[in-house]
Amino acid sequence: MFLSGRGSVISGKLRRMSIKAALIDLSGTLHVEDDPTPNAVEALARLRDSGVSVRFVTNTTKDSKGTLHERLCRIGFHLDRSEIYSSLSAAVTFVQSGKLNPYYLLSEDARQDFPPEDPNRCPDSVVVGLAPKAFNYEQMNKAFNVLLQNKEHKLVAIHQGKYYKRSDGLALGPGCFVKGLEYATGCTAKLIGKPNPYFFKGALDGQDPSFCVMIGDVGKDQPQRQEDWL
């Protein structure tokens, strides 16, 4: 993990680089489920002490922002709920700005962050996140039919990760279910989460990317170049 055991070295380098803000990944970087990664709590505190503003970014789609905040505080991190920017946050903005009435393939907890379905309108889109209990034939078939009804109906992939890390090892992500719906319907998903520039633009919230860094797992879904954030 990028932060583990190297907080003082990193904070010193950031000061010399005139870095003003850091986007920090959560799952696998600061914590794995209910356990902080080694030295992450102390490293984050030193990073804050260096004067760098921090925002926490994550593709986690199973947990609402409230659940994420409660978990991080419980395992020792000090942060404000408003500092968390998840792919769910970006997807909520996308749904609201597009005035969509989606059929949701989401966990019950993640569903709390989204606007309610309008029973007076037919579903005009499908929103997919990590939802193990929703990935069954009946619900996937309903999503399939929503997308077939009209070629303008949108398939919204909050992210399409292949897998993610749990305490008991790697687990299947939502990517294969998104790809299955693409294959069956012929539509192309709108990707919302990392590494989409749409996500990073929202996370930066007006900050100049030239003075920002991204801290996360090596080889994960981070942008490779600053221009990928624009």
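Quick note: structure is the one above.
Predicted model, so just to flag it, every value in this text is computed and none were measured. In this numbering scheme, every chain counts its residues from 1 along its sequence in written order. Local features in this predicted model are restricted to residues of pLDDT 70 or higher, and side-chain atom pairs are both shown and tallied only at a pLDDT of 80 or more, whereas totals for entire chains, interfaces and linings draw on every residue. Excluded from the side-chain calculation are hydrogens and water; included are all heavy atoms of the structure.

Novice: Even after reading the chapter, I still don't get the nonpolar core, so can you show me in this structure?
Specialist: Inside soluble globular proteins, nonpolar side chains tend to come together where they are buried. Leu23, Val57, Leu106, Phe114, Val127 and Ile158 are the most contacted members of the largest nonpolar core, which totals 25 residues. Secondary structure elements are taken from DSSP: a helix is a run of H or I of four residues or more, a strand is a run of E of two residues or more, and numbering for both begins at the N terminus. Of all the secondary-structure elements, those providing two or more residues to this core are β1 (21–25), α4 (87–97), α8 (197–204) and β12 (212–215). With six residues, α4 is the largest single contributor of residues to this core. Inspection of this core shows a minimum of three residues originating in each of domain 1 (21–87 + 196–215) and domain 2 (89–191). The residues contacting Val127, other than those within four sequence positions of it, are Val95, Pro102, Tyr103, Tyr104, Leu105, Leu106, Phe114, Val156 and Ile158. Core analysis: the second largest hydrophobic core is formed by 19 residues, Ala40, Ile75, Leu79 and Val213 among them. Nonpolar cores were defined as sets of buried Ala, Val, Leu, Ile, Met, Phe, Trp, Tyr and Cys residues, with membership established by side-chain atoms within 4.5 Å. For every residue, the accessible area (1.4 Å probe, protein chains only) is compared with the maximum for its type, and the residue is labelled buried under 20%, exposed over 50%, or partly exposed between those bounds. Annotation comment: domain bounds sourced from an automatic or database domain assignment. The contact definition used throughout considers only heavy atoms, calling two residues in contact when any of these lie within 4.5 Å.

Novice: For this particular structure, what's the right way to read the packing of helix α6 (residues 137–149) against helix α7 (residues 175–185)?
Specialist: A packed helix pair is summarised by two numbers, namely the angle formed by the two axes and the spacing between the axes. Between the N-to-C directions of two axes lies an angle of 0 to 180 degrees, each axis being a line fitted to C-alpha atoms and, for a helix, fitted only over the stretch in contact. As a packed pair, α6 and α7 sit with axes 10 Å apart at the nearest point and diverge in direction by 45 degrees. When the axis of α6 is compared with that of α7, the two are oblique. Along this stretch, α6 crosses α7, giving a crossing that reads as right-handed. Across from Met140, Ala143, Phe144, Leu147 and Leu148 in α6, the residues of α7 making contact are Phe177, Leu181, Ala184 and Thr185. In terms of residue class, the contact of α6 with α7 is made up of eight nonpolar, one polar and no charged. In what follows, roughly perpendicular refers to angles from 65 to 115 degrees, roughly parallel to angles under 35, roughly antiparallel to angles over 145, and oblique to any angle outside these ranges. Note on convention: near helix rotated counterclockwise from far helix by under a right angle means a left-handed crossing. Clockwise means right-handed. Residues are sorted three ways: Asp, Glu, Lys and Arg are charged, Ala, Val, Leu, Ile, Met, Phe, Trp, Tyr, Cys and Pro are nonpolar, and all the rest, Gly among them, are polar.

Novice: Sorry, what's going on with the pairing of β1 here?
Specialist: The side chains of a regular strand alternate between both faces of the sheet. Across the five residues that make up β1, a large majority, five, are buried. A two-sided burial pattern is seen for β1, the buried positions comprising Ala21, Leu23 and Asp25 on one face and Ala22 and Ile24 on the other. A pair of strands counts as paired when DSSP detects no fewer than two bridges linking them. Across five bridges, the pairing between β1 and strand β4 (residues 53–58) is parallel. Bridge pairing in β4 links Ala21 to Ser53. The pairing of β1 with β12 spans four bridges and is classified as parallel. Each bridged residue has a counterpart across the sheet, and for Leu23 the counterpart in β12 is Met214.

Novice: Sorry if this is basic, but what is going on with the environment of Lys165 here?
Specialist: Looking at where Lys165 falls in the secondary structure, it is placed in strand β9 (residues 163–166). Expressed as a C-alpha distance, the spacing of Lys165 and Ser27, which sit 138 residues apart in the sequence, is 7.8 Å.

Novice: Is there a simple way to explain helix α3 (residues 65–74) in this structure?
Specialist: An α-helical turn contains 3.6 residues, so any two residues separated by three or four positions project in the same direction. When we look at burial in α3, the residues that qualify are Leu68, Arg71 and Leu72. Considered in projection along α3, the buried side chains sweep an arc of 95 degrees and stay on one side of the axis. Among the structural elements, β2 (31–32), β4 and β5 (84–86) are those in contact with the buried residues of α3. Within this analysis, the arc is defined by the directions that extend from the helix axis to the C-beta atoms.

Novice: Looking at this model, I keep getting lost on the packing of aromatic side chains. Mind explaining?
Specialist: Centre distance and the angle of the planes are the two values used to describe a pair of aromatic rings. Each aromatic pair joins two rings of Phe, Tyr and Trp (for Trp, the six-membered one) with centres within 6.5 Å, and gets the label stacked for planes under 30 degrees apart, edge-to-face for over 60, and tilted for any other angle. According to the stated counting rule, one finds five aromatic pairs in the structure shown. Between Phe199 and Phe200, the aromatic rings sit 5.5 Å apart at their centres with planes inclined by 90 degrees, giving edge-to-face as the arrangement. In this structure Phe199 comes out as buried when scored by relative accessible area, which is 0%. On the basis of relative accessible area, Phe200 is assigned to the buried category, the value being 0%. Through successive ring pairs, a cluster of aromatic residues spans Tyr85, Phe199 and Phe200. Only lysine NZ and arginine CZ atoms are considered, and such an atom sits over a ring when it is within 6 Å of the ring centre and within 35 degrees of the ring normal. One residue, Lys20, lies across the ring of Phe211, its end atom 4.8 Å from the ring centre. Taking the ring centre of Tyr198 as reference, the NZ or CZ of Lys190 above it sits at 5.6 Å.

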